[in-house]
Amino acid sequence: MKNNKYIYLVFVLLFGASIQAQTKKWTLEECVKYALDNNISIKQSELDTQSAAIDKKGAIGNYLPSVNANASHSWNVGLNQNITTGLLENQTTQYSSVGASVGVDIYKGLRNQNTLRKANLSIVASKYQLKKMQEDISLNVANAFLQVLFNKENLKVQQEQLAISEKQHIRSDELVKAGTIPRGDLLDIKATVATGKQNVIIAENTLLISKLSLAQLLQLKEFEDFDVIDDTNINDGNSILSQSPVTIYEKAKEERTDLKIAKTNLEIAEKSVSIAKGAYQPTLSAFYNFNTRASYSDIVTGAIPDADNPTKQIGFVQGTNQNVLQNNFTPVLGSAAPILDQFKDNKGQSFGFQLSVPIFNGFSARNNVERSKVSLEKSKIELEQKNLDLQRNVYTAFTDAKGALNAHEAAVVALESRQGAYDYAKEKFAVGLMNAFEFNQSQTLLTNAQSEVIRTKYDYIFKVKILEFYFGIPIAKI
């Protein structure tokens, strides 16, 4: 019995956890954070940042010396000079060489320095691009999130109106039986109920599509039970609206990422001009080379000394080394010593400086400079345009937020009036002083007023989010 209690307790805990997981509702902060961690576009921007870091490593490598080693081995088959007798013979001569070289730039028109500075700026620009991508994704998530909230509340309005219509249908049926209203009014009420059911279905589908859009934006693989919770507060925007557009614009010039990107791109363009101008200047480099070589023939002519007794000769052999190897292994091993001696005796070194002065290169350097200057002018224009766009967007966002607040306040007042008018129409309809058509019109106007309050509410919240975005306040606190 005791074990059964434990099993029951575990089952209750697991079942409760399962229900809680299924009914979890996402907040705006959770949605934004999940999108920033999983969005594909953000991951691509992160890879761009890594590529910029690799480019910086390449720029640092330009300061380091270049070290290379080389080796070669060749065979000359046919009529060749015997390296022992100096006679021309049909033979196979082998030639081996090894070497190493070191080179380092001493002066290159400051191109290495400017390339490194440009690489550092590119890393900064890529980080700004990543931040801008995160901001854009956050803004898109907030828009989709608020759209889901609007559709949820709109569905509630449609369901409530349908419930009212169904109750009114029952009441109208009683009034028709009592002879208070004509049967035609009951038919109008039935039509209203059918329209209400259709509106509920449309609202459900709209809500489902908005949830699907948000889930896809978050890169959620399972979104059947996906839902959100309203954690927004319409009063949050009052503080930002207390600021003047000039103050918000000045703050935006310091905070806006796209403006920082434009400024960084301008600095990158300036470094590109400096790099291109570096081709006009002479370059100075230092070098060091080492090499050695050895050559030998497969033909062996003459007496072969005994490896153990150099004064003793084994015999007179003419043939290839392979034949010697087959006849007597020891002398062939001993023949490696002259080869090693050649490598020792033929060692060579060279070192010095190399100065290169550009005189004429087919206008390539000049064209690169002119091309870089054009890019620089484009960057200046882009920065100026970004400033103009930012100023216009800030003033537009401020005006839109103010207008959205006024529209919401007006919608609330209109809803109060429509609610009073509907209550009065309901009383008149109940005593037969208003027909069903007029009553349905009053109910429709009430429904529209309720939807307008919801629409203006979330429109205002989103526009405040945009205004805060320009002021440097994040879309969601994560």
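Residues numbered from 1 in each chain as written. Predicted model: local features only at pLDDT ≥ 70, side-chain atom pairs only at ≥ 80, totals over all residues. Heavy atoms only, no water.

### Considering the overall build of the protein chain
- The number of helices and strands found in the protein chain is 13 helices and 6 strands.
- Of all intrachain contacts in the protein chain linking residues separated by at least 6 positions in sequence, the fraction that spans at least 24 positions is 81%.
- With an accessible surface of roughly 28700 Å², the protein chain has 55% of that area assigned to carbon and sulfur atoms. (Helix = DSSP H or I, 4+ residues; strand = E, 2+ residues; numbered from the N terminus. Contact = heavy atoms within 4.5 Å. Areas by Shrake-Rupley, 256 points an atom, 1.4 Å probe, with all protein chains shown as cover.)

### Some words on helix H3 (residues 40–61)
- Here H3 spans 32 Å end to end across 22 residues, near enough to the 32 Å set by a 1.5 Å rise per residue.
- Residues of H3 that are buried: Ile 42, Ser 45, Thr 49, Ala 52 and Ala 59. Along the axis of H3, the buried residues cluster in a sector spanning 75°; they form a single face. With respect to the buried face of H3, the exposed residues turned more than 90 degrees away are Ile 54 and Lys 57.
- Contacts from the buried residues of H3 go to helix H2 (28–38) and helix H4 (111–178).
- Where H3 begins, the capping side chain belongs to Asn 39, and its oxygen is found 2.9 Å from the backbone nitrogen of Ser 41. (Expected span 1.5 Å × (residues − 1). Buried < 20%, exposed > 50% of the residue type's maximum accessible area, 1.4 Å probe, protein only. Arc of directions from axis to C-beta. Polar contact = N/O pair within 3.5 Å; in protein donor to acceptor, adjacent residues only side chain to side chain.)

### Focus: a nonpolar patch on the surface
- Residues Leu 355, Val 357, Ile 359, Phe 360 and Phe 363 make up a contiguous nonpolar surface patch of roughly 620 Å² in combined accessible area.
- With respect to the helices and strands, the residue Val 357 is situated in the loop between strand S6 (348–356) and helix H12 (364–430). (Patch = residues over 30% accessible without salt bridge, like charges linked within 9 Å, V, L, I, M, F, W, Y side chains within 5 Å. Salt bridge = Lys/Arg side-chain N within 4 Å of Asp/Glu carboxyl O.)

### Quick notes on the confidence of the model for the protein chain
- On average, the protein chain scores 83 in pLDDT, and the residues at 70 or more come to 85%.
- Per-element mean pLDDT across the protein chain ranges from 37 in helix H9 (residues 321–327) up to 95 in helix H8 (residues 257–277). (pLDDT = per-residue confidence, 0-100.)

### A closer look at the packing of aromatic side chains
- Here the structure, examined in full by the defined rule, presents 6 aromatic pairs.
- When the centroid spacing of 5.9 Å and the interplanar angle of 55° are considered together, the rings of Phe 469 and Tyr 470 count as tilted. Residues Phe 469 and Tyr 470 agree in their burial class; the two are buried.
- Feature note: the residues Trp 26, Tyr 34 and Phe 226 constitute an aromatic cluster, connected by ring pairs. (Phe/Tyr/Trp six-rings, centres within 6.5 Å; stacked < 30°, edge-to-face > 60°.)

### A closer look at the pattern of salt bridges
- Applying the stated criterion to the full structure yields 15 salt bridges.
- Residue Glu 153 is joined to Lys 457 by a salt bridge in which the shortest nitrogen-to-oxygen separation is 3.5 Å. One end of the pair, Glu 153, is in helix H4; the other, Lys 457, is in helix H13 (residues 436–471), with 304 residues separating them in the sequence.
- Accessibility expressed as a relative area gives 24% for Glu 153, which makes it partly exposed.
- As a salt-bridge pair, Lys 380 and Glu 377 come within 3.7 Å of each other at their nearest N and O atoms. Placement of both Lys 380 and Glu 377 in helix H12 is noted, with a separation of 3 residues, approximately one turn of the helix.
- Given the relative accessible area of 42%, Glu 377 is considered partly exposed.
- Sharing partners across several salt bridges, the network here consists of Glu 135, Arg 256 and Asp 258.

### Observations concerning the side chain of Ser 372
- For Ser 372, the position within the fold is in helix H12.
- By relative accessible area, which is 14% here, Ser 372 ends up buried.
- Sequence-distant contacts of Ser 372, defined by excluding residues within four places in its chain, comprise Ser 272, Val 273 and Ala 276.

### Observations concerning the nonpolar core
- Ranked by size, the top nonpolar core spans 62 residues in total, and within it Cys 31, Leu 214, Leu 218, Phe 226 and Val 228 carry the most contacts.
- Elements with a minimum of two residues in this core: H2, H4, helix H5 (183–217), helix H6 (238–241), helix H7 (245–255), H8, H12 and H13.
- If one sorts the elements of this core by residue count, H4 sits on top with 14 residues.
- The contacts of Leu 218, once residues within four sequence positions are left out, are Trp 26, Cys 31, Tyr 34, Ala 35, Asn 38, Val 141 and Phe 226.
- Counting 12 residues, the second-largest nonpolar core is a separate cluster that includes Val 176, Ile 181, Tyr 422 and Leu 446. (Core = buried A, V, L, I, M, F, W, Y, C linked by side-chain atoms within 4.5 Å.)

### With respect to the sheet that holds strand S3 (residues 283–297)
- Taking strand neighbours across the sheet as the criterion, the 4 strands line up as S1-S2-S3-S6 in an open arrangement whose pairing is antiparallel. Each having just a single partner strand, strand S1 (66–81) and S6 make up the two edges of the open sheet. Averaged over neighbouring strand pairs, the angle between their axes works out to 20° when direction is ignored.
- In the sheet, S3 pairs with S6 via 9 bridges, with the strands oriented antiparallel. Pairing of Asn 289 across the sheet is with Ser 350, part of S6.
- This element, helix H11 (residues 336–345), spans strand S2 (88–107) and S3 of the sheet and lies at about 160° to S3. (Pairing = 2+ DSSP bridges. Axes fitted to C-alpha atoms, helices over the stretch in contact; angles between N-to-C directions.)

### Here we look at the side chain of Ser 210
- Within the fold, Ser 210 resides in helix H5.
- For Ser 210, a relative accessible area of 8% translates into the label buried.
- A polar atom in the side chain of Ser 210 sits 2.7 Å from the backbone oxygen of Leu 207.
- Apart from the residues lying within four places of it in its own chain, the contact partners of Ser 210 are Gln 147, Val 148 and Asn 151.

### Comments concerning unusual backbone geometry
- One non-glycine residue, Gln 219, adopts positive backbone phi at about 65°.
- Along the chain, Gln 219 falls in the loop between H5 and H6.

### Observations regarding the UniProt feature "coiled-coil region" (unreviewed entry) in the protein chain
- Per the UniProt entry, the sites bearing "coiled-coil region" (unreviewed entry) are residues 366–393 in this numbering.
- In residues 366–393, helix accounts for 100% and strand for 0%; the two terminal C-alpha atoms are 40 Å from one another. (UniProt positions renumbered as here; feature names shortened; annotations may be inferred.)

### Observations concerning the packing of H4 against H8
- Two numbers describe how H4 lies on H8: the axes approach to 9 Å, and their chain directions differ by 160°. With respect to each other, H4 and H8 are oriented roughly antiparallel. Here H4 runs over H8; the crossing is left-handed.
- The residue inventory of the contact of H4 with H8, partitioned by class, reads 7 nonpolar, 9 polar and 10 charged. (Parallel < 35°, antiparallel > 145°, perpendicular 65-115°, else oblique. Left-handed = near helix turned anticlockwise from the far one by under 90°. Nonpolar A, V, L, I, M, F, W, Y, C, P; charged D, E, K, R; others polar.)

### Remarks on the packing of H4 against H13
- It is the contact of H4 with H13, at a shortest axis distance of 10 Å, that shows an interaxial angle of 165°. In terms of axis orientation, H4 runs roughly antiparallel to H13. Considering only the axes of H4 and H13, their crossing is right-handed.
- Looking at the contact of H4 with H13 residue by residue, the class counts come to 15 nonpolar, 10 polar and 4 charged.

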